[in-house]
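Here are the chains, one letter per residue:
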Amino acid sequence: MTETMKNGGVLSRRGLLKGATALGAAGLILPASMRKAMAEPKKGGTLRIAITGGSTTDSLDPATWSELFVQVFAACRVNYLTEIAADGSLVGELAESWEASADAATWRFKIRSGVTFHSGKSLTPDDVVASINHHRGEDSKSAAKPIVEQIKDIAIDGDTVVFTLVAGNADFPFIMSDYHLAILPSADGKIDPATEDGTGGYIVDSWEAGVNAKVKRNPNYWKADRAHFDAVELYSILDSTARQNALLTGQVDVIDKVDINTVGLLSQAPGIKILATTGTQHFVFPMDYRAAPFSDNNVRLALKYAIDREEMVQKILGGYGAVGNDHPIGPGDQFFAADLEQHAYDADKAKFYLKEAGMDSLNIQLSAADAAFAGAVDAAVLYSEKAAAAGINIEVVREPNDAYWDNVWMKKPFCASYWGGRPTPDWMFTTAYAAGAPWNESYWDNPRFNELLLAARSELDFAKRKDMYHEMQMICQKEGSTVTPMFASYVMAHTDKVATPDQVATNWGLDGFRCVERWWFA
Amino acid sequence: MTAIWTMIAKRIGLGLLTLFVISIIIFGATELLPGDLAKSILGQSATPETVAAFRRELGLDLPAHIRYFNWLAGAVQGDFGTSLANKRAISDLIATRLSNTLFLALYAAAIAIPLSLTLGILAALYRNSVFDRAANALALTSISFPEFFVAYILIFFLARTGLFPSMAQVDAQTAFGDMLYKTFLPALTLTLVVTAHMMRMTRAAIINLLASPYIEMARLKGMSPGRVILKHALPNALAPIITVVALNLAYLITGVVVVEVVFVYPGLGQLMVDSVSKRDFPVVQAVALIFAAAYVLLNLTADVLSTLSNPRLVHRK
């Protein structure tokens, strides 16, 4: 049995932040750790991956992508302006370099020359503009609309695309790595959302939604040191036992989302390696800040002390994860506040805060379904058991998985939820913690926090920014309206024929969707 | 014979009416489900504006009855429309899935029907013998387990040892022989699930007849037990056997989603489940109508065959 735990890469952004008009981390200058690993890859072979989350209703339109199958399929055939490297730093992909104005409100991306689509068409700045515009505007039905709404205007200046933002955002190049913002070929200022074309390392051979996708290597791929396989086959396998069987019987080489309950057995099988990465994915219990009892910070603190995080990581995640500290920044992030006191289970403290709130006991309902995250109902029951000792009676309400995000999430005052995580604190805070954000699931509104969020966004000085994010994590932890008990690892498995780089990306599963580009056959 | 043609015509007419009623029920049921396609596709990332844009584009903002009649107007002209989720023509989407489902159903039936008829006849012939009891016990055991359990047992013994693949991945390019090999485990699972029903029915129908006076007569004339059963009892037992075979065939077409999931087989069941969970109602309608039509047609076939097998019904006065 071999097991590798790879912990969160550090999000390095120095290249970006050194000066007000810093020239961005140029080209594909890879970090030292990766260069070493990338020296040995061998070419050839057909990689077969069993992936969850595929559905017959999947579409090629980037606006609708949300599950792992289409995300990995996208990584095969398209590129983005920027890419998050395995160590968490940002590198250019179709953007060769970028620079910001002093207020970080205007960003100039120099588009790489000599890149061609599979169809033979050359990449032009027009394609970039059309691809991003696909997610903007009144008629946009894109899941990425909220993150591109900050763009006021896009213009072309020679081989450069100029983004003018509504307000300064030092993290803007990170936004451009979002998996929705694929660069597709355009005609007359519009992309065809149903195209299979792209600039990626593999060309589509066949695709059957919800069944499989087969791609073969793009002989003209502009990255010389990537996409090592001759062909890649992606299989949509929804059932976790079926995925394991496929791996054990040698029908696939890699599987994602290994069932935590049987990971021990799987790791004992000969020739199988378990790969776990802990990054930004975390599970939460948001409380509705607007109404009693959660409007009282003492009640919120009591609930934060009434949860046994260590036990949850052991029992719900099978040890594949890390404890959370009631804010959404992962321990691998360069802005992580390591010196904050770790919240831990303490029934006495919980009782104390309950008393501060003027209560002897508290009766609340917690809504959960496994749609929120695998094991959410069990986690809620565990929470309820432990909280009882502090006089907090949590009644677990098991909700249907179907339409959970529609009927329960942000509707019930206390429920289970998850975040795949975002590569930067600003992105994460803006998405789920800023006052008035559409996905501010706890309806939290903290004036100081909101003020810091705005200030930090356009602050290009690293040290100042770090201080601000530190304070924001503290506010979140002490006054926030979300219980964040754990960061969950992505747990995958592969045969020992598959070789992975020393450092595997932690931002998403399957090496940040990029296993098709970064892995090879030993 | 005209009686039979009249019956067929009547039944097809009624069948079409049934399909119409079913389409209304299915549409109503999809409407009752919480959420709609826009919200299901966007999931946690849905915002009011994007959901509204999605609905505008797909016409989901129209009232329910207008959407239904739009669909119906297309459907009666043979145009089932396109999937709301990925804009693919539904006929395209369903064609391969349907042929996969039919292939697996016929494969399983081709094993299960001869097997269960033979076992049933033998069990009747040697009733209460060790063979009869063993065949019954085995058949009942395999039908009592849930399908996925039978499937995992087969995977454990037949796939882990490398004899057969656990993943039945087939596509248009797969050769026929290869398809038989790759889909052997799902077909075997389905065989184990449906055999008991057909076998027990065959056995019971024949045993029931063995008590009749005309069988007694045949025996007294000195016929061998085999000849008594095959020549004299079986023709009269055909009607109930045909009915139960038809029911099981319908099940093989419509009810195998669990087996499809375990063996990763791209059939209609998974398409239906995906479409329901995403509220892609034109696809749900089309698949539901196929399932309903399978039931209607198979029952009709069973009735026609049962009638033909019974001279008293064919030559009715």
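Thoughts on helix H7 (residues 240-248) of chain A
Owing to its 3.6 residues per turn, the α-helix aligns residues three or four sequence positions apart on the same side.
Next, step 1: Within H7(A), seven of the nine residues are buried, leaving the element largely enclosed by the surrounding structure.
Next, step 2: Burial in H7(A) covers these residues: Ser240(A), Ala242(A), Arg243(A), Gln244(A), Asn245(A), Ala246(A) and Leu247(A).

Observations concerning the side chain of Asn79(A)
All names here are of chain A.
Next, step 1: Along the chain, the position of Asn79 falls in the loop between helix H3 (68-77) and strand S3 (82-84).
Next, step 2: With a relative accessible area of 0%, Asn79 lands in the buried category.
Next, step 3: Side-chain polar atoms of Asn79 contact the side chain of Thr199, separated by 2.8 Å.
Next, step 4: Engagement of the side chain of Asn79 in a polar contact is seen with the side chain of Tyr221, the distance being 3.2 Å.
Next, step 5: Apart from the residues within four sequence positions on either side, Asn79 is in contact with Glu93, Leu94, Ala182, Ile183, Thr199, Gly200, Tyr221, Trp222, Lys223 and Glu517.

A word on the domain arrangement of chain B
Residues and elements named next belong to chain B.
Next, step 1: Here chain B is described as being made up of domain 1 (36-77) and domain 2 (94-314).
Next, step 2: Placing a centre on the C-alpha atoms of domain 1 and another on those of domain 2 gives a separation of 39 Å.
Next, step 3: The interface of domain 1 with domain 2 comprises seven residues on the first partner and eight residues on the second.
Next, step 4: Counting the surface lost from both domain 1 and domain 2, the interface buries some 610 Å², and carbon and sulfur atoms represent 74% of this.
Next, step 5: If you sort the residues of domain 1 by the area they bury against domain 2, Leu37, Ser40 and Trp71 come out on top, with a joint share of 71%.
Next, step 6: Taken together, domain 1 and domain 2 are joined by zero salt bridges.
Next, step 7: Across the domain 1-domain 2 interface, the total number found is zero residue pairs in polar contact (both at pLDDT 80 or more).

With respect to the pattern of salt bridges
Where charged atoms from two side chains of opposite charge come close, those side chains can pair.
Residue and element names in this part refer to chain A.
Next, step 1: On inspection of all chains with the given rule, the structure shows 34 salt bridges over all chains.
Next, step 2: Taking the shortest distance from any N to any O, the salt bridge between Arg243 and Asp256 comes out at 3.8 Å. Of the two residues, Arg243 is situated in helix H7 and Asp256 in the loop between strand S14 (254-255) and helix H8 (263-268); the sequence distance between them amounts to 13 residues.
Next, step 3: The exposure class of Arg243 is buried, given its relative accessible area of 3%.
Next, step 4: Judged by relative accessible area, which is 2%, Asp256 ranks as buried.

Observations concerning the side chain of Asp511(A)
All names here are of chain A.
Next, step 1: Position of Asp511 relative to the elements: it lies in helix H17 (residues 509-512).
Next, step 2: You can call Asp511 buried: its relative accessible area is 0%.
Next, step 3: Polar side-chain contacts of Asp511 include one of 2.7 Å to the side chain of Trp519.
Next, step 4: The residues contacting Asp511, other than those within four sequence positions of it, are Met492, Pro501, Val504, Ala505, Arg518 and Trp519.

Some words on the domain arrangement of chain A
All names here are of chain A.
Next, step 1: What the domain assignment reports for chain A is domain 1 (41-58 + 68-77 + 204-277 + 491-522) and domain 2 (282-488).
Next, step 2: Between the C-alpha centres of domain 1 and domain 2 there is a distance of 32 Å.
Next, step 3: Interface area for domain 1 against domain 2, summed over the two sides, is near 460 Å², with a carbon-plus-sulfur share of 71%.
Next, step 4: Among the residues of domain 1 in contact with domain 2, Ile260, Val263 and Trp508 are the three that bury the most area, contributing 60% of the side total.
Next, step 5: Here domain 1 and domain 2 share zero salt bridges between them.

A word on the packing of helix H6 (residues 130-144) of chain B against helix H9 (residues 184-210) of chain B
For any two helices packed against each other, the geometry is given by the interaxial angle and the distance between the axes.
Residues and elements named next belong to chain B.
Next, step 1: The contact between H6 and H9 brings their axes to 7 Å, and the two run at 140°. Between H6 and H9, the angle falls in the class oblique. Here H6 and H9 pass one another in a crossing that is left-handed. Two secondary-structure elements touch here, H6 through Asp132, Ala135, Asn136, Ala139, Leu140, Ser142 and Ile143 and H9 through Leu192, Val193, Ala196, His197, Met199, Arg200 and Arg203.
Next, step 2: Class assignment for the residues of the contact of H6 with H9 results in eight nonpolar, three polar and three charged.

A few points about the nonpolar core
Next, step 1: Ile49(A), Leu81(A), Ile132(A), Phe163(A), Met176(A) and Leu234(A) are the most contacted members of the largest nonpolar core, which has 78 residues in total.
Next, step 2: The biggest single contributor to this core is H3(A), with eight residues.

Points about the packing of helix H5 (residues 90-125) of chain B against H9(B)
All names here are of chain B.
Next, step 1: It is the contact of H5 with H9, at a shortest axis distance of 6 Å, that shows an interaxial angle of 35°. The element H5 and its partner H9 pack so that their crossing is right-handed.
Next, step 2: Considered class by class, the residues forming the contact of H5 with H9 number 22 nonpolar, five polar and one charged.

Observations regarding unusual backbone geometry
Working note: non-glycine residues mostly have negative phi, and peptide bonds are mostly trans.
Residues and elements named next belong to chain A.
Next, step 1: Of the consecutive residues Ala292 and Pro293, the connecting peptide bond is found in the cis state with omega at 0°.
Next, step 2: Mapped onto the fold, Pro293 is located in the loop between strand S15 (272-286) and helix H9 (297-305).
Next, step 3: At Ala227, a residue that is not glycine, the phi angle is positive and equals roughly 60°.
Next, step 4: Within the secondary structure, Ala227 sits in the loop between strand S12 (212-217) and strand S13 (231-236).

Digging into the sheet that holds strand S8 (residues 160-165) of chain A
All names here are of chain A.
Next, step 1: Read across the open sheet, the four strands follow the order S5-S6-S8-S7; overall the sheet is antiparallel. For this open sheet the edge positions go to strand S5 (95-100) and strand S7 (151-157), each flanked by a neighbour on one side alone. Averaged over all pairs of adjacent strands, the angle between strand axes in this sheet comes to 20°, irrespective of strand direction.
Next, step 2: Here five bridges tie strand S6 (residues 106-111) to S8, and the two strands are oriented antiparallel to one another. Among the inter-strand pairings, Arg108 is bridged to a residue of S8, identified as Val162.
Next, step 3: This element, helix H4 (residues 125-133), spans S6, S7 and S8 of the sheet and lies at about 165° to S7.

Observations concerning the confidence of the model for chain B
All names here are of chain B.
Next, step 1: Residue-level pLDDT values for chain B average 85, and 98% of them are 70 or greater.
Next, step 2: Taken element by element, the predicted model of chain B shows its lowest mean pLDDT in helix H2 (residues 37-42) (73) and its highest in H6 (91).
Next, step 3: We note a pTM of 0.82 for the whole complex and an ipTM of 0.79 for its interfaces.

Definitions and limits used
Residues numbered from 1 in each chain as written. Chains lettered and ligands numbered in written order. Predicted model: local features only at pLDDT ≥ 70, side-chain atom pairs only at ≥ 80, totals over all residues. Heavy atoms only, no water. Buried < 20%, exposed > 50% of the residue type's maximum accessible area, 1.4 Å probe, protein only. Helix = DSSP H or I, 4+ residues; strand = E, 2+ residues; numbered from the N terminus. Polar contact = N/O pair within 3.5 Å; in protein donor to acceptor, adjacent residues only side chain to side chain. Contact = heavy atoms within 4.5 Å. Domains from an automatic or database assignment. Buried area = accessible area lost by both parts, 1.4 Å probe. Salt bridge = Lys/Arg side-chain N within 4 Å of Asp/Glu carboxyl O. Axes fitted to C-alpha atoms, helices over the stretch in contact; angles between N-to-C directions. Parallel < 35°, antiparallel > 145°, perpendicular 65-115°, else oblique. Left-handed = near helix turned anticlockwise from the far one by under 90°. Nonpolar A, V, L, I, M, F, W, Y, C, P; charged D, E, K, R; others polar. Core = buried A, V, L, I, M, F, W, Y, C linked by side-chain atoms within 4.5 Å. Pairing = 2+ DSSP bridges. pLDDT = per-residue confidence, 0-100.

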